[in-house]
Amino acid sequence: MFHKAIILTLGMLALSGCNAQKNDKTAPQSTGTTTSADSGTQQKDKKGIVYLNEGENKFLKEYQMNVTFKGISEDSRCPEGVNCIWAGAAVAQVEAMLTTSRPMTLNLATLDHPGKNYHQSADFNGYIITLEEVTPYPKSQNGTKALSGKYRIGISIKEAGTSSVPTTK
């Protein structure tokens with residue numbers, strides 16, 4: 001009896017795995033990253049914001065920095081047209097690398113909330129990288145699952161002041 005239960009369970013797992021593979025084949029595949037060598041002046045707006053699509057990689061000559069928008073790890077923002085107790089937050093994973101440093105993944109949120117470990121800005125090798133915006137905003141019909149792969153962020157990069165760098169006197 002015990003053997004029959006194990007065989008039945010393994011059979012169900014195998015069938016569910018086949019269904020998952022079929023769904024992956026029908027979904028559009030955009031796992032590659034796009035690269036863009038840009039000085040940052042063409043795709044910046046007047047406020048100095050650099051925009052990146054999900055999976056996009058840009059080299060910013062003025063900072064000698066390579067920035068990649070890896071994706072959104074969390075999007076708990078309240079959908080449009082819904083009353084929520086908390087507005088929620090979106091957390092973007094941004095990989096930054098200077099020409100003289102190793103890459104570092106920064107988790108940048110749409111708001112500061114230290115209790116939940118949400119930070120809108122992060123220090124990176126003498127620069128402060130701030131998440132300015134995340135689009136599109138979730139809708140009540142589709143939720144955030146429909147937005148996967150369609151996210152676009154805006155970040156700003158500023159030099160950190162000498163007081164924020166602990167190794168300088």
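The residue numbers shown here count from 1 along each chain, following its written sequence. Since the coordinates come from a predicted model, pLDDT governs what is reported: local features require at least 70, and pairs of side-chain atoms require 80 or more to be given and counted, while whole-chain, interface and lining totals use all residues. Neither water nor hydrogens contribute to the side-chain values; these are computed over all heavy atoms in the structure.

Brief notes about the state of the cysteines
Throughout this description, disulfide means a covalent bond between two cysteine sulfur atoms. Two cysteine sulfurs form a disulfide in these notes if their separation is within 2.5 Å. Considering all chains together, one arrives at one disulfide under this definition. In this model, C78 is linked to C84 through a disulfide, with the two sulfur atoms separated by 1.9 Å. On the sign convention where negative is left-handed, the bridge of C78 and C84, at about 80° about the S-S bond, is right-handed. Burial status follows relative accessibility: with a 1.4 Å probe on protein chains alone, a residue under 20% of its type maximum counts as buried, one over 50% as exposed, and anything between as partly exposed. With relative accessibility at 10%, the residue C78 sits in the buried group.

Some remarks on the sheet that holds strand β8 (residues 127-135)
Here, a strand pair is defined by DSSP locating no fewer than two bridges between the strands. A run of H or I in DSSP counts as a helix once it spans at least four residues, and a run of E counts as a strand once it spans at least two, with each numbered from the N terminus. Sheet architecture is open: four strands sit in the order β2-β9-β8-β7, paired in antiparallel fashion. Since the sheet does not close on itself, it has two edges, and those belong to β2 (50-53) and β7 (121-124), each with one partner. Across the sheet, the mean angle separating the axes of adjacent strands is 30° when strand polarity is ignored. Pairing analysis gives four bridges linking β7 to β8, with the strands arranged antiparallel. Residue pairing for β8: D123 is matched across the bridge by I128. Structural elements are reduced to axes, namely lines fitted to C-alpha atoms, with helices fitted over the stretch in contact, and the angle between N-to-C directions of any two is expressed from 0 to 180 degrees.

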